[in-house]
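Results of the structural survey
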Amino acid sequence: MSPRRTFHRLAAALALATLAGAVSAQPAIDGPLRIVVGYAPGGATDRVARIVADRLTAKLGVPVVVDNKAGAGGRLAAQQVRNTPAGQNVIMVANPAVMVVAPLVFKDNGYDPERDFQPLSNVNNYEFGLVVGSAVPVKQLSHLLAWMKANPEKANVGVPATGSLPHFFALMLGQKAQVKTEVVGYRGSSTVMTDLIGGQIPIAVDTFDALLPQYEAGKVRILAVSSAKRSAFAPDVPTFKEAGLDITALGWNAFFAPASMPRDKADRLAREIHDVMQEPDTQRKFTDARMQPVVSTRAETEAMLKAFRAQWAPVVKTSGYQP
């Protein structure tokens, strides 16, 4: 055999050995993985968990199941995951209501999001929309703000839940526009839309995906979206900045591991989720569900959470909100 061919064979063997070593160096996920969701099946957070779970099953080679633990606005799930023993394969999908807002407004929250959890990967962002029903004869944000100033006794703003991010976004909006906003909490997005369409409430703030069906049906008007650029799902709706009010805000869904999980195992799960979110088919499933997919490393997710807490903590604290 020629020296050149021998060299190439040795090089190939070395490359395979290196690859095998890298694969074997990854900590095994030794048994089924449970993804806990703090809400009932069918909601946005639940859809996020199920899209990612399907792909993780193939990548990890173990069953990945979604476990819905609804209750206390997602806090019950966080309390349970917080207490997970180190040997169990349990992670959680959570949103800002659980990981940012709740610890600021509940005196005995049952968990500390920074001490008790490890961020793994942010997987999607979502915007908020300001919407009016037919009872408010305006088509532009500036006209609505003028109407609210002229009719403060009527300017109630519906939100899908008290203490939710749409609740605090409505308060942020009022502060920025120097308009008094009376926030009315409902039990979910569908009840807000029912009262908005029926004229029982003139204005609402909700996540953009929740508003789109009624907007597309022509039953409500979305005056502005909270993202920095227009939503791909409704490009005719201006941003708040375009509409004359310099305000931006996003919500998100992210995966977290309990602090008890060994760091190397958490690192592997973070990498696997990151890789899943890079797949075109996964991104298509998110956009089909009208959610914005995000590909985020562990470090990027940690930086996002830090910036998010810095943005929202003053808003929540100065609101004086008490559950």
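Let me sum up the structure you'll find in this document. Here the residue numbering is sequential within each chain, running from 1 through the sequence in written order. Only residues with pLDDT of 70 or above have their local features reported here, since the model is predicted, and side-chain atom pairs are shown and tallied only from 80 upward, although totals for entire chains, interfaces and linings are computed over all residues. The basis for the side-chain values is all heavy atoms of the structure; hydrogens and waters are excluded.

Notes on the side chain of Thr 207
In this description a helix means any DSSP run of H or I spanning at least four residues, a strand means any run of E spanning at least two, and both kinds are numbered starting from the N terminus. Take Thr 207: it is sitting in strand S8 (residues 203-207). Burial classes: relative accessible area under 20% of the type maximum marks a residue as buried, over 50% as exposed, and values in between as partly exposed (1.4 Å probe, protein chains only). Overall, Thr 207 belongs to the buried group, its relative accessible area being 16%. Two N or O atoms count as a polar contact when they lie within 3.5 Å, although within protein this holds only if one can serve as hydrogen donor and the other as acceptor, and sequence-adjacent residues are included solely when both atoms are side-chain atoms. Engagement of the side chain of Thr 207 in a polar contact is seen with the side chain of Asp 209, the distance being 3.0 Å. Each residue touching Thr 207, except ones within four places of it in the same chain, is listed here: Tyr 126, Glu 127, Phe 128 and Pro 166. We call two residues in contact when some of their heavy atoms are within 4.5 Å.

Quick word on the pattern of salt bridges
What counts as a salt bridge is simple: a side-chain nitrogen of Lys or Arg found within 4 Å of a carboxyl oxygen of Asp or Glu. Using the criterion set out here, one finds 17 salt bridges in the structure. Close ionic contact of Arg 34 with Asp 67 constitutes a salt bridge, the shortest N to O distance being 2.7 Å. Of this pair, Arg 34 sits in strand S1 (residues 33-37) while Asp 67 is found in strand S2 (residues 64-68), placing the two residues 33 residues apart along the sequence. Classification of Arg 34 by relative accessible area gives partly exposed; the value is 26%. With relative accessibility at 18%, the residue Asp 67 sits in the buried group. One salt bridge in this structure joins Asp 46 and Arg 50, with 3.0 Å as the shortest N-O distance. Of the two residues, Asp 46 and Arg 50 both sit in helix H2 (residues 44-60), four residues apart, roughly one turn of that helix. In this structure Arg 50 comes out as partly exposed when scored by relative accessible area, which is 34%. Where salt bridges share partners, they join Arg 263, Asp 267, Arg 298 and Glu 302 into one cluster.

What about the pairing of strand S5 (residues 128-132)?
Of all five residues that make up S5, five are buried, and the element is covered over most of its length. Residues Phe 128, Leu 130 and Val 132 of S5 are buried on one face, and the alternating residues Gly 129 and Val 131, pointing to the opposite face, are buried as well. A pair of strands is considered paired only if DSSP assigns at least 2 bridges between the two. When S5 meets S8, the two strands line up antiparallel, connected through five bridges. Note that in S8 the partner of Gly 129 across the bridge is Asp 206. Inspection of the sheet shows S5 paired to strand S9 (residues 221-225) by four bridges, in the antiparallel sense.

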